[in-house]
Structures are given as C-alpha cells and as structure tokens.
There are 2 protein chains.
Amino acid sequence: MNTAIHFAERIKESMKNFNYHIPTDIYFGKGKIRVLGDKITAIGQNILLVYGGGSIKKSGLYDQVIDELNRAGVTVSELPGVEPNPRIQSVRKGIEICRAKGIEGVLAVGGGSTIDCAKVIAAGACYEGDAWELVLDARKITKALPVASVLTLAATGSEMDGFAVISDMEKNEKWGTGNDITKPVFSILDPEYTFSVSKYQTACGTSDIMSHTFENYFNRVPGAYLQARMAEGILKTCIKYAPVAMEEPDNYEARANLMWASSLAINGLISYGEDAAWAVHPMEHELSAFYDITHGAGLALLTPYWMQYVLREETLPRFVEYGVNVWGIDPEQEDMAIARQAITKTREFFDSIGMPSHLSELDIDDTHFDVMAMKAAAGGLAYGFVPLDKQDVRRIYEMAL
Amino acid sequence: MNTAIHFAERIKESMKNFNYHIPTDIYFGKGKIRVLGDKITAIGQNILLVYGGGSIKKSGLYDQVIDELNRAGVTVSELPGVEPNPRIQSVRKGIEICRAKGIEGVLAVGGGSTIDCAKVIAAGACYEGDAWELVLDARKITKALPVASVLTLAATGSEMDGFAVISDMEKNEKWGTGNDITKPVFSILDPEYTFSVSKYQTACGTSDIMSHTFENYFNRVPGAYLQARMAEGILKTCIKYAPVAMEEPDNYEARANLMWASSLAINGLISYGEDAAWAVHPMEHELSAFYDITHGAGLALLTPYWMQYVLREETLPRFVEYGVNVWGIDPEQEDMAIARQAITKTREFFDSIGMPSHLSELDIDDTHFDVMAMKAAAGGLAYGFVPLDKQDVRRIYEMAL
C-alpha cells in the first residue's frame, strides 16, 4: 500500500461537510445533583438505575440519587455491578429488567463503563435480537430508550456522546457501537464526585481524554483549522491539570477542567469537519480484550509508539503544530526536530503521571500479536491519519514490548 | 468605586457552575441547502420566510430556498426588507403576518440581522403586548414559534444562539434580548454563500466574531482554563483567515473557518463556566444606535482603547496569556511589555483589515458622549472584567475620538 500517495491525495482537503447534533444538556458544577429530581421525568416515570461497584454507596452519591428520584416520584429498578470494561452479560441482564418492568428510561450513575452499559441496554430494550448484534453493528440501533447520566469519572466522554464500548471476555472481543440515538438526554457533571478518584485512575482517565483528542487531531484535513486549535486547548488542559489533580485530589479547578475536557474531547466538537479514523483505540481495544487492562493505561502506552511510527514528511506539519502549540517548543528549530521533541515530551508526560511505557510492565508478551494485529487492522485503520495494515500494527506492538 | 478590590475578590474563583444547552442542529458545508426541504417541517407546515435586501435574489439562494420549501409542500408567507440594524418596525410587521396567516415557524435567510429579527418576530407572535417590551426585557419571552436559519454572513453567531439585537432608530435605542427559547432549531451554514460578501463586510464580520470572543475571554474566572484556550483558538482562526477571505473571496477554507468561528464564539461554548459581563458591546451599541454605523466596525474601533483602559496589575495575567497564546509574543519578556504589545498587535490587525481606529473617521464627535456613556454604563458594565461607570465609558469614547 503506497500510503504516501494516499495521504498526499487527501491532505489538500479543506474543512469537510458535517452535521452537528449535540442534544445533551449538561448540568455542570457543585451541587448540581439537585436538578436530578426535576429533570428525571424527561426520560420517563419508570427508571432503570445502572451503576458499578460500591463506590457510589460509600461516597453517599447513591443516597443523593435515590432521594432525588423519590422526590420526583418515579419508580426505580436497579442494575448494580457493571464492570470497568462492561460486559455484554451485564447489558443482557439490564435488558431483561427493562422488559420485565416496562422501563421507560435508563439512568447511569458512574464512569464511562456504566454509561456505556446503560446506552446499549437502552438500545437493546428496543431491539428484538441479541444485544451483541448491536455491538457489532451500530446501524442496527434504530431506537433506544432515553438515557441520562450522573458522571463520577473524567475519562471516556460517554456522558455527552453516543458511543459505547462493550466486551465479551469469553470471546476476547471488545467493540465500540452507538450513534446519535444513544446520546444522553442530560448529564450531571459535578467535579466534586471525582475528588475520590485515585491517582492511577486520574492518570488513566486523562490519558483517555488525551487519546480521544489525538485521534481527532491527527487527521488528514488540515483545513479544519479551528477544530485543531480547540483540540490543542483540550490537550493543554489535560497536561496542566492531571498532575494537579493527582497531587491535590480535591482541587476543584483541576477536577472541573478535566471533567469538562472529557466531554468536549469526544462530543463531536473537535471532530466535525474532519476525516478522523481512529488508530490507537482499535490497537488498544485488542490489549484490553485479551488482557483486561485499564483502557487509558493502554492508550498512554501505545500513543507515543504510534506517533513515532507515523511520523514522516507528509505528516510532519501536524506534528510541528502539535509541538509548538501544545508543548511550547521553539518554532525556529528544524521541523523534524520539533516533531521528535513533541513525541518525546508526550512520552515523558505519560511517564510522569505513572502510565506504563512497555507492554512487559503489564505482563503482555507477543503471544497474541498476530491475531490482535489482524483484528485491530480490521477496525478501520486503513483509513487513519496514516493507513495501517496488520503488519504495521504488529510492528507497533513490537516497538511497545 | 474601588475596582481593584472588587476584582481581586473575585479573581480566585474557579470554574463556575453552568447549564449547557445548545439544541441547534447545524448542517454545515457545500450544498447543505438540500437538507432544507427535509428539515423544514420540524418548525411547521406554515412558514414565514424572513430576509433582507435583494442579495439572496441576485445570488440565486432565494430560488433554492423556495424550491426546497415547495418540495416540502409547506405554505410560505414572506417578510422581505429587514434592515442591517433590524428595526422594531420590521419585527412588528412580521408579527402581524404571523397572526394573520397562522404562521407556525419562522425561517430566516440572511445574516445576523435577519435572524435576530426572525427571533423576536417568533417571540412576539406568542406575546400579547408590544414586541418592544420583549426587547427591553428578555424575561418576558416565555414562548416563541420555532426558528430556523440559512446563514449568509459570518459575524453575529445568531445562527446558533438565542440572542437578538433590535433597534428603534426613532428613539436612538438598540438593545439585545433573547433566551434559550429563541435558539434556532436548525441552521444551514454553507460557506459558499459568503463568497460574495465584500471585503469591508468580511472585516466587519470578523471583528464581530473576535469581539464576542474577547467579551468572554476577558472575564474574572481564571479557573475556566479550558474555555480560555478555546477562545484563543477562535481568535487565531479569525486572525489567520480574515485576510485570506478578503484577498481571495472564494477561498472555501477561509470562509468555512470564519463561518464556524462565528457560531462557536457565542453559542455558549466559551462562556459557560465563566462570569462574563460584556463591555465593548454596550459601548458600541450606543454608537450604532446614534449613528447607524456597522456594528463590527464600531467594535474593532473601540476594542483596543478598552483594552488600554482596563490594563492594570490585576488584569495583567489574562493580557499576558492573550499575547503569548494568540499573538505568539515571546513569554520571556516582562509581563507589562507583553500586554502592551498584544494590544498594539490587536490595533494593527484591525487597521490591516481596514477597520476604523478613530471616531472622527465615522464623523462622530463628542455631541452625544454623555447620554451614550450613561446608557452604555446602564447595560451591565458595572459587572465587567473591570467594572466601568459612565465616567469611565466617556473617557474611553474620548480616547477614541
């Protein structure tokens, strides 16, 4: 595949046509849980409450949510125990409850995994076949119960987009799905709920936000200039505030900026008008499908290797913009030097927040590289910033060993 | 008034609570007019078409719109002739048509003035009293017909926000109104419709976009870091592309970036979480209320004087960020030197795109300064980046003579 020609053909493109549709209302800030009682009936009178482990019970958030739902007089069923990489089995359980109880709307309280699970439950409740079909083919989602969320982790952006990633660990499969129909009707974002997020999870969440931004930023449409500048703003925000939030977990300013960055990184704002086909996410999804590692850690690990691999004459301009605008590298230097420094700074940043830089640290060896590379390459990598095939992906995994 | 203390008290504030609600769908790009026929029934079957002078007839856009409306099979009434600073008399005329014809939705085709007029018609049609009452008090807008727009000028951002500015030239009054209810249901943004915009109007439109951004950017909430970086992205976009669009009117990339910047500058994205009380707009509204000058030109003229006037120790940090991040000024210099250079560069930029820098160029003298200053100061200037009273405003007008 002559990637250079393929790239050059498209690099001249100006901003592309797009349809902007971000219907989710956001209630952002301290104490915003108090709007829940007033707003919940927007998704129905008979609610399925979806959440993860015990953390929302420990923090008191569960009680606040129940108080608000009682105040609104809605009927509540519960699906607790959604996993960090949410399983199709949890989705199926939720769908059963929806059908048995005549659920009208799904409220997720938690991080991205919980919200993702809620979305596919909401779609699956309106679908006759098995929900895994919806995971494999987002086009089959043509109807869904309304979803809302109360967010407790700044990471996936699921609170303001239509996407959901669901795993079937029995098959080592992890795929993204969703569309406009599964965008939350509203989400409540109180940065204080993230004060209790550990250093490690704060770092993983930030890496996820940055990766979403990178996936959009490194695209083939240089004419989407405004979007690129917005993306740089999100990256600078992550770089500034992740260390602050890790050092001072209750620093409201840091938590607020990270939380809002998580939503804006992936709600469409920085991808509309571009032609972004994600690269690092498909590669990472194979890591977590086979080894159940934390998504953000896998992204932080792979990203700088991917950057090194795709850096070339044709991609140089965007790397130079990245180095100068995000890292403040002196623009007077030679372009390739700026690009290399930018990649080094990216690695150093992820190191500084405790992210792994080698697969061996996660006890991952090359056992499954061939099948992982094959599956990742099937995930649209041929249309990425630099088109990649399974050999390319395998080489990137090898660099990361 | 001890502004220094007032400012210092508030400068420590972190990101503020906000409710994000941007329901407008945007159809952006070449040929997007072709969605109009499919989407128009979202606002009704019986439509009032609002437009300005003859330019949309000359360009062929009028015919395209009528074709689409016919294709949709909707009934159409027309209000042509909306003025550049839209008059309350046009609003009243539109309301009469709405009542006489049982209009269900208002479609504006034009620039911000036309869309502003359409919004207040839509609100006035649902209001028993005179529409001027809605202009004087936005809280009286509690119901409105749905509005949609086809945009032909990158400037006011009216295509994606709830605001409208209406004038009564008999009284020399010009006020802003509007709220969430008057946000368009959808807007069609085809940058090609702006190819025919003159150099001067392109410059005025860009100045308006930049001023909206400045009004939000220079606020007292430094903790809204992400929003500030987004604002800088919009400013860089304007600075890069206004000269290109003026030199090559059919440069799609330039027109597309300016058009999208116009929407994002004022739809809430960069103001949510802040505490922005606009300063230069109220001062400019008096200029156009008394002298009917082009809004953008007045903004470009006043902005650098306002910057000079409010630059002081307490406001220095934001000016330094502005200079370094937007203008690329060397951060190693002394802070006050960076701030002063940033203001000089702002003036030089507006000069370079042909904006006036002295009121005398517009045949404006000090005749009405006292009453203008008094009215501007009543427009919320006491809550601005630096609180200003009527003496302050008069001094800024005098600097601008």
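Keep in mind that this is a model prediction, so the values were computed, not measured.

J.: Would you mind showing me how to read the overall build of chain A here?
T.: Across its full length, chain A carries 16 helices and nine strands. The C-alpha radius of gyration computed for chain A amounts to 21 Å, which stays within 12% of the reference 21 Å derived for 401 residues, consistent with globular compactness. When its C-alpha atoms are laid out on the principal axes, chain A stretches across 65 × 45 × 45 Å. With 401 residues in all, chain A has 62% of them scored as buried. A fraction of 80% describes how many contacts in chain A between residues 6 or more apart in sequence connect residues 24 or more apart. Total accessible area computed for chain A in this model is approximately 14,200 Å², and 50% of it derives from carbon and sulfur atoms. Charged side chains of chain A number 37 positive and 53 negative; the gap between the two group centres comes to 3 Å.

J.: I tried to follow the packing of helix α11 (residues 280-291) of chain A against helix α12 (residues 295-310) of chain A on my own but got confused; where do I start?
T.: The axes of two packed helices give the description: the angle between them and the distance between them. Residues and elements named next belong to chain A. The N-to-C vectors of α11 and α12 enclose an angle of 130°; their axes lie 9 Å apart at closest approach. One way to sum up the angle between α11 and α12 is to call them oblique. For the pair α11 and α12, the sense of crossing is right-handed. Residues Val280, His281, Met283, Glu284, His285 and Leu287 of α11 form the contact with α12, whose own contacting residues are His295, Gly298, Leu299, Leu302, Thr303 and Trp306. Residue classes in the contact of α11 with α12 are distributed as six nonpolar, five polar and one charged.

J.: I tried to follow the nonpolar core on my own but got confused; where do I start?
T.: Of all hydrophobic cores here, the largest spans 239 residues; its most connected members are Trp306(A) and Trp306(B). Leaving out residues up to four positions away in the same chain, Trp306(A) has contacts with Phe218(A), Ala279(A), Val280(A), Met283(A), Phe385(A), Leu388(A) and Ile396(A).

J.: Honestly, the state of the cysteines in this entry has me stumped. Any pointers?
T.: Covalently bonding the sulfur atom of one cysteine to the sulfur atom of another cysteine gives a disulfide. Taken as a whole, this structure holds zero disulfides over all chains when the rule is applied. For Cys98(A), which is in no disulfide, the shortest distance to another cysteine sulfur is to Cys126(A) and amounts to 8.3 Å. Unpaired in terms of disulfides, Cys204(B) finds its nearest cysteine sulfur in Cys238(B), a separation of 13 Å.

J.: Looking at this structure, how should I read the confidence of the model for chain A?
T.: Any segment with low pLDDT has predicted coordinates that should not be analysed in fine detail. All names here are of chain A. Residues with a pLDDT of 70 or more make up 97% of chain A, whose mean pLDDT is 94. Per-residue pLDDT stays below 50 along residues 1-11; that stretch engages in 19 contacts with residues further than four places along the chain or on separate chains. The ipTM assigned to the predicted complex is 0.94, against a pTM of 0.95.

J.: What's the story with the relation of the copies chain B and chain A in this structure? I'm lost.
T.: The operation relating the two chain copies consists of a rotation about an axis and a shift along that axis. Turning chain B through 180° and shifting it by 0.0 Å along the axis lays it on chain A, with an RMSD of 0.0 Å. Overall, the copies show the geometry of a two-fold rotation axis. The overlap is high: 100% of the interface residues of chain B also sit at the interface in chain A, so the same surface is used on both sides.

J.: Help me understand the sheet that holds strand β6 (residues 147-151) of chain A, please; the structure alone is not making it clear to me.
T.: Backbone hydrogen bonds are what pair the strands of a sheet, in a parallel or an antiparallel way. One open sheet accounts for seven strands, arranged β4(A)-β3(A)-β5(A)-β6(A)-β9(A)-β2(A)-β1(B); its pairing is mixed. Every other strand in the sheet has two partners, leaving β4 (75-79) of chain A together with β1 (18-20) of chain B as the edge strands with one partner each. Each neighbouring strand pair of the sheet contributes to a mean axis angle of 15°, computed without reference to strand direction. The pairing of strand β5 (residues 105-110) of chain A with β6(A) spans five bridges and is parallel. Bridged to Ala108(A) within β6(A) is Ser149(A). On top of the sheet, helix α6 (residues 112-124) of chain A reaches β3 (46-51), β4, β5 and β6 of chain A; it is set at about 170° to β5(A), its chief contact. Helix-sheet contacts for helix α10 (residues 252-264) of chain A involve β2 (25-28), β6 and β9 (186-189) of chain A together with β1 of chain B, and the interaxial angle to β2(A) is about 175°.

J.: Explain helix α16 (residues 390-399) of chain B to me, please; I cannot follow it from the model alone.
T.: In an α-helix, one turn spans 3.6 residues, which is why side chains three or four residues apart end up on the same side. Residue and element names in this part refer to chain B. Within α16 the residues assigned to the buried category are Asp392, Val393, Ile396 and Tyr397. Buried residues along α16 cover an arc of 140° about the axis, so they all sit on one side. On the buried face of α16, the contacting elements are α11 (280-291), α12 (295-310) and α15 (369-377).

J.: Where do I start with α12(B) in this structure?
T.: The end-to-end C-alpha separation of α12(B) is 22 Å, in line with the 22 Å expected for 16 residues at 1.5 Å each. Leu302(B) marks the point of greatest bend in α12(B), at about 30°, and the proline Pro304(B) comes within the next four residues.

J.: When you look at the interface of chain B and chain A in this model, what are you seeing that I'm missing?
T.: Quite often, the size of an interface is put as the accessible area lost when its parts meet. On the chain A side, the residues contacting the 40 residues of chain B number 40 residues. Carbon and sulfur atoms supply 59% of the area that chain B and chain A bury against each other, a total of about 3,600 Å² over both sides. Considering only the surface of chain B that becomes buried against chain A, Tyr20(B), Tyr225(B) and Leu226(B) emerge as the three largest contributors, covering 19% of it. For the interface between chain B and chain A, the tally reads zero salt bridges. Linking chain B to chain A there are 18 residue pairs in polar contact (both at pLDDT 80 or more). Elements with a contribution of two residues or more to the side of chain B that touches chain A: β1, β2 (25-28), α9 (225-247) and α10 (252-264) of chain B. Per-element tally for the side of chain B that touches chain A: the top contributor is α9(B), with 11 residues. Looking at the side of chain B that touches chain A, its residues break down into 20 nonpolar, 13 polar and seven charged. Note that strand β1 (residues 18-20) of chain A and β2(B) share three bridges and pair antiparallel. By the bridge assignment, Asn19(A) is partnered in β2(B) with Tyr27(B).

Reading the values: rules and limits
Residues numbered from 1 in each chain as written. Chains lettered and ligands numbered in written order. Predicted model: local features only at pLDDT ≥ 70, side-chain atom pairs only at ≥ 80, totals over all residues. Heavy atoms only, no water. Helix = DSSP H or I, 4+ residues; strand = E, 2+ residues; numbered from the N terminus. Rg over C-alpha atoms; globule rule 2.2 N^0.38 Å. Buried < 20%, exposed > 50% of the residue type's maximum accessible area, 1.4 Å probe, protein only. Contact = heavy atoms within 4.5 Å. Areas by Shrake-Rupley, 256 points an atom, 1.4 Å probe, with all protein chains shown as cover. Lys, Arg positive; Asp, Glu negative; His and termini not counted. Charge placed at Lys NZ, Arg CZ, Asp CG, Glu CD. Axes fitted to C-alpha atoms, helices over the stretch in contact; angles between N-to-C directions. Parallel < 35°, antiparallel > 145°, perpendicular 65-115°, else oblique. Left-handed = near helix turned anticlockwise from the far one by under 90°. Nonpolar A, V, L, I, M, F, W, Y, C, P; charged D, E, K, R; others polar. Core = buried A, V, L, I, M, F, W, Y, C linked by side-chain atoms within 4.5 Å. Disulfide = S-S within 2.5 Å. pLDDT = per-residue confidence, 0-100. Least-squares fit on C-alpha atoms with pLDDT ≥ 70 in both. Pairing = 2+ DSSP bridges. Arc of directions from axis to C-beta. Expected span 1.5 Å × (residues − 1). Bend = angle between axes of the 7 residues up to and from the residue. Buried area = accessible area lost by both parts, 1.4 Å probe. Salt bridge = Lys/Arg side-chain N within 4 Å of Asp/Glu carboxyl O. Polar contact = N/O pair within 3.5 Å; in protein donor to acceptor, adjacent residues only side chain to side chain.

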